[in-house]
Amino acid sequence: MPSPTAPARPGIFAGLVAIVTGSESGIGRETARLLCEAGAAVVLNGRQPERLEHTRQVLAAAGHAVAACVADVTDYADCERLAATAITHFGRLDVLVTNASISQRAYFADMQPEVFARVLDSNVYGSVYPLMAALPHLRASRGSVTFISSISALNGMPSGSAYCAGKAAISNLAHTLRLELADTGLHFGVVHIGFTQNDPEKRVLDAAGQPVPIAHRPPRWQKSQAEVAAIIVRHIQKRKRRTVISFLGRIIVLVHNTLPRLGDWVVLTTIKRMRKFYE
Ligand SMILES: NC(=O)c1ccc[n+]([C@@H]2O[C@H](COP(=O)([O-])OP(=O)(O)OC[C@H]3O[C@@H](n4cnc5c(N)ncnc54)[C@H](OP(=O)(O)O)[C@@H]3O)[C@@H](O)[C@H]2O)c1
């Protein structure tokens, strides 16, 4: 049985304990790695036991303090186990990053209702339930909660209806919780991520709920997972309210806020010229 204390390692997160949901792969895995390198003990999470264990072993072999919990973050009982893993292994919880998410590649009119619900749930309840389960521990540590969102939460994106709606919902949730829990000392922040390199095996859902590869993204528009993870970790450290990643992301948000008709014109034009970007 591991000793229930956070190991003291040097770094800006020394002595702190983090949960990163959906950290068996992708941006979540890199964020977990950087938190570890900054001194935190990290609870890894995902739904695929073998892939999660592989990630745990790689980080443990690098000398990092990691535990793993197979849990579906859209299931509240699983989230209680996830929060308990941090306490059992490391004795406290300071940082929650709600990163797990399912995306889609499907136009609204074609989608099966249950597919819309699955994508929406993973982006809304997949953040709400881990937070509800972890909240007592985070209150005790006056900790930090970061919701991983997307640039597409700040404007619409064709073929991403349920995903965009879910990501927009958690931005508002963060604002509401910041106000409701203002006297707790908790940090609530949102990171809006733009196009990022993906693991080759990443899958999103089509209109019938089948896993399909992600749509084409020009490589020069993408940040690396390590770059994005570094920005997420800085966001947590500085307890920022909102971080919008990448110059392109900030331009997209600026155009949609100040010149919304121009923003729509650009999107509608690219749908015709770059179909594989969406479909
Ligand atoms: N990559 C981008 O270009 C981009 C852009 C904007 C925002 N983002 C956001 O960044 C975050 C990470 O994305 P990513 O590109 O790294 O995706 P990813 O590689 O697919 O990672 C997502 C992880 O979440 C896990 N997951 C999904 N549903 C889960 C559930 N219900 N319970 C537990 N784990 C679950 C996935 O595992 P399994 O499904 O295998 O269980 C996977 O390990 C997401 O919130 C995404 O929306 C990414």
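Presented here is a report on the structure given in the accompanying data block.

Rules behind the numbers
- Residues numbered from 1 in each chain as written.
- Predicted model: local features only at pLDDT ≥ 70, side-chain atom pairs only at ≥ 80, totals over all residues.
- Helix = DSSP H or I, 4+ residues; strand = E, 2+ residues; numbered from the N terminus.
- Rg over C-alpha atoms; globule rule 2.2 N^0.38 Å.
- Buried ≥ 20, exposed ≤ 12 C-beta atoms within 10 Å, placed from the backbone.
- Contact = placed C-beta atoms within 7 Å.
- Core = buried A, V, L, I, M, F, W, Y, C linked by C-beta atoms within 7 Å.
- Axes fitted to C-alpha atoms, helices over the stretch in contact; angles between N-to-C directions.
- Parallel < 35°, antiparallel > 145°, perpendicular 65-115°, else oblique.
- Left-handed = near helix turned anticlockwise from the far one by under 90°.
- Nonpolar A, V, L, I, M, F, W, Y, C, P; charged D, E, K, R; others polar.
- Pairing = 2+ DSSP bridges.
- Near = placed C-beta within 6 Å.

### Quick notes on the overall build of the protein
Item 1. Scanning the protein for helices and strands turns up 9 helices and 9 strands.
Item 2. Taken against the 2.2 N^0.38 rule, which gives 19 Å for 279 residues, the C-alpha radius of gyration of the protein at 18 Å falls within 12% of a compact globule.
Item 3. Judged by the C-alpha coordinates and their principal axes, the protein covers about 60 × 40 × 35 Å.
Item 4. Within the span of the protein, comprising 279 residues, buried residues form 45% of the whole.
Item 5. Considering only contacts in the protein between residues 6 or more positions apart, those separated by 24 or more positions represent 73%.

### Digging into the nonpolar core
Item 1. Judged by nonpolar contacts, the single largest core of 73 residues is most densely connected at A18, I19, L35, A40 and V42.
Item 2. Of the residues forming this core, the biggest block, 10 residues, is contributed by helix α4 (residues 113–141).
Item 3. Contact partners of A40, with chain neighbours within four places excluded, come to F13, L16, V17, A18, L35 and V95.

### Brief notes about the packing of helix α1 (residues 26–37) against helix α6 (residues 225–237)
Item 1. For the pair α1 and α6, interaxial distance at closest approach is 8 Å and the crossing angle is 55°. Between α1 and α6, the angle falls in the class oblique. In this structure, α1 meets α6 at a crossing whose hand is right-handed. Taken together, the residues of α6 that come into contact with α1 (itself represented by G26, I27, E30, T31, L34 and L35) are Q225, A226, V228, A229, A230, I232 and V233.
Item 2. Tallied by class, the residues present in the contact of α1 with α6 amount to 9 nonpolar, 3 polar and 1 charged.

### So, the environment of G46
Item 1. Mapped onto the fold, G46 is located in strand β2 (residues 41–46).
Item 2. Apart from residues lying up to four places away in sequence, G46 is in contact with G22, S23, E24, S25, R51, L52 and V70.

### Comments concerning the sheet that holds strand β5 (residues 144–150)
Item 1. Here we have 7 strands laid out as an open sheet, ordered β3-β2-β1-β4-β5-β6-β9, and parallel in their pairing. Looking at strand neighbours, the two that pair on one side only are β3 (66–70) and β9 (242–244), the edges of this open sheet. For this sheet the average axis-to-axis angle between neighbouring strands, irrespective of direction, equals 15°.
Item 2. Relative to β9, strand β6 (residues 187–193) is paired through 3 bridges, and the arrangement is parallel. Within the sheet, the bridge partner assigned to V190 lies in β9 and is R242.
Item 3. Across the sheet, helix α5 (residues 161–180) is in contact with β5 and β6; its angle to β6 comes to roughly 160°.

### Observations regarding the site of the ligand
Item 1. Taken together, 29 residues surround the ligand, and among them G22, G26, R47, A100 and S101 come closest.
Item 2. Those elements that provide at least two residues to the shell around the ligand are α1, β2, α4 and β5.
Item 3. Element by element, the count of residues in the shell around the ligand is highest for α1, at 3 residues.
Item 4. Considering only residue class, the shell around the ligand consists of 7 nonpolar, 17 polar and 5 charged.

### A short note on the packing of α4 against α5
In a packed pair of helices, the relevant descriptors are the angle between the two axes and the axis-to-axis distance.
Item 1. Contact pair α4 / α5: the axes reach a minimum separation of 8 Å and the direction vectors enclose 20°. As far as their axial angle goes, α5 and α4 are roughly parallel. Crossing handedness for the pair α4 and α5: right-handed. Where α4 abuts α5, its residues F116, V119, L120, N123, V124 and S127 lie against A162, Y163, A165, G166, K167, A169 and I170.
Item 2. Here the contact of α4 with α5 is built from residues that sort into 9 nonpolar, 3 polar and 1 charged.

### Here's the deal with unusual backbone geometry
Item 1. Residue R239 is not a glycine yet carries a positive backbone phi of 50°.
Item 2. Tracing the sequence through the fold places R239 in the loop between α6 and β9.
Item 3. Positive phi, close to 85°, is recorded for S246, a residue that is not glycine.
Item 4. Residue position: S246 is located in the loop between β9 and α7 (247–258).

Function cannot be read off these values alone, since they describe shape.
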